[in-house]
Amino acid sequence: SAKRSGGNRMKIFNEQMRVSVQERIAGEKLLREALAGNREETLPVWFQPIVRAENGEIVGAEALIRMRAADGSIIGPNQFIPAAEETGMIVPLGEHVLIMALRHLVEWRHDIGYISVNVSPRQLAEPDFVPLLADLLAANPEIDPKRLVLEITETALLGSSLDVRERLETIKSLGVRIALDDFGTGYSSLTWLQNIPADVVKLDRSFVAGLSSDARKSSIIQAVLWLAKSLGMSAVAEGVEEEADQHALHAAGCELLQGYLFGKPMPPVEFGERVQRSSMATTP
Ligand code: C2E
Ligand code: MG
Ligand code: MG
Ligand code: MG
């Protein structure tokens, strides 16, 4: 009967909820332990190349957090960033990522122009965020703040837009640049573009992947690139996996690209070797 199948569905639903609550608690515990441990071991920050569309030359990197489990396996951020946000653990986590990014800006000063760091809504809402950033930059006076880019998503602005806007202005006054991440996936991208003092737009992978064989995607990309240019912003296309898309983006005037075609996120040692090799290749 309908009643019985409804009952079964309910049972299955409850079963899944129970599992996910348990998983969530386990995830939070792992994260708490990772933060209490040697963070460089337990919370490695990996780097993905950002390259010039023209020739694939590495000009920057996006810092992307990982978690290393006790068995050595690597857990991706989609598995723990939401819990980190909800519990507030994103605050120490984000501080760790910033520290690692600045350290690598020093280490790779001759090799790459900039490092981009993701900042989540909760971090941005934290009153201590801007003072922390200012302190970290003051402690690293050899780093030109322009070499640090903070990536924010549209959700960072929901709710507290006036405060957040002021905060972004303060961040910019430190010389740090702002990028709009996952651009085009939200509900009010144009409003956002109008209100947020960003320097860079990152075109979301969903518009980028396969664009060379999709006329609609290609039109949208061209329009967004035109818009970005008119507003004095630079554009980075995310999720470039095919050479045909690289060529199409270059032809459309997108100067910077990121995607598996040029490299997946990798540990800093590997990234360092990679940039060294490519700078040797361009030395006569
Ligand atoms: P995101 O900031 O949009 O980062 C880009 C994501 O796309 C990364 O996934 C990257 O590995 C992936 N990606 C890059 N190129 C390609 C491609 O060609 N094909 C495909 N299929 N994927 C590509 P990842 O590292 O798993 O990070 C996922 C998300 O987690 C990030 O999305 C960001 O929102 C968040 N995240 C990562 N690190 C941090 C962090 O340190 N702090 C905060 N708050 N969030 C972070
Ligand atoms: Mg990002
Ligand atoms: Mg993105
Ligand atoms: Mg994304």
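To keep things clear, this report deals only with the structure shown in the data block. (Residues numbered from 1 in each chain as written. Chains lettered and ligands numbered in written order. Predicted model: local features only at pLDDT ≥ 70, side-chain atom pairs only at ≥ 80, totals over all residues. Heavy atoms only, no water.)

Moving on: the coordination of the magnesium ion (ligand 3). Within the protein, Asp181 (OD), Asp182 (OD), Glu238 (OE) and Glu238 (OE) serve as the donor atoms for the magnesium ion (ligand 3), at 2.0 to 2.7 Å. All donor residues of the magnesium ion (ligand 3) come from one chain, and their arrangement in sequence is D-D-x55-E. Metal-to-metal, the separation of the magnesium ion (ligand 3) and the magnesium ion (ligand 2) is 3.7 Å; Asp181 coordinates the two. Classification of Asp181 as buried rests on a relative accessible area of 8%. (Donors = N, O, S within 2.8 Å, 3.2 Å for Na, K, Ca; no water. Buried < 20%, exposed > 50% of the residue type's maximum accessible area, 1.4 Å probe, protein only.)

Before going further, it helps to examine the site of ligand 1. If you check the shell around ligand 1, you find 24 residues, and the closest are Arg66, Asn118, Asp181, Glu241 and Tyr260. Within the side chain of Glu62, a nitrogen or oxygen atom sits 3.0 Å from an oxygen atom of ligand 1. Here ligand 1 has 800 Å² of accessible area as a free molecule, and 85% of this is covered by the chains. Every element with two or more residues in the shell around ligand 1 is listed here: β2 (58-65), α4 (90-107) and β7 (177-183). (Near = heavy atom within 4 Å. Polar contact = N/O pair within 3.5 Å; in protein donor to acceptor, adjacent residues only side chain to side chain. Areas by Shrake-Rupley, 256 points an atom, 1.4 Å probe, with all protein chains shown as cover. Helix = DSSP H or I, 4+ residues; strand = E, 2+ residues; numbered from the N terminus.)

This next bit is on the packing of α4 against helix α6 (residues 129-139). Where α4 meets α6, the axes come as close as 11 Å, and the angle between the chain directions of the two elements is 25°. With respect to each other, α4 and α6 are oriented roughly parallel. Read as a crossing pair, α4 and α6 show a hand that is right-handed. Where α4 approaches α6, its residues Glu95, Leu98, Ile99 and Leu102 are matched on the opposing element by Phe129, Leu132, Leu133, Leu136 and Leu137. Classifying every residue of the contact of α4 with α6 gives eight nonpolar, no polar and one charged. (Axes fitted to C-alpha atoms, helices over the stretch in contact; angles between N-to-C directions. Parallel < 35°, antiparallel > 145°, perpendicular 65-115°, else oblique. Left-handed = near helix turned anticlockwise from the far one by under 90°. Contact = heavy atoms within 4.5 Å. Nonpolar A, V, L, I, M, F, W, Y, C, P; charged D, E, K, R; others polar.)

The next thing to look at is helix α10 (residues 215-230). Given a rise of 1.5 Å per residue, 16 residues ought to cover 22 Å, and the 23 Å separating the end C-alpha atoms of α10 matches this to within 8%. Listed in full, the buried residues belonging to α10 are Ser218, Ile221, Val224, Leu225 and Ala228. One face of α10 carries all of its buried residues, which in axial projection span an arc of 130°. The outward face of α10, more than 90 degrees from its buried face, is lined by the exposed residues Ala215, Arg216 and Trp226. In the core, the buried residues of α10 are packed alongside β7, β8 (200-203), α9 (205-208), β9 (234-237) and α11 (243-252). Its side-chain oxygen placed 3.0 Å from the backbone nitrogen of Arg216, Asp214 serves as the N-cap of α10. Positive backbone phi, at 75°, marks Gly232, one or two positions downstream of α10. (Expected span 1.5 Å × (residues − 1). Arc of directions from axis to C-beta.)

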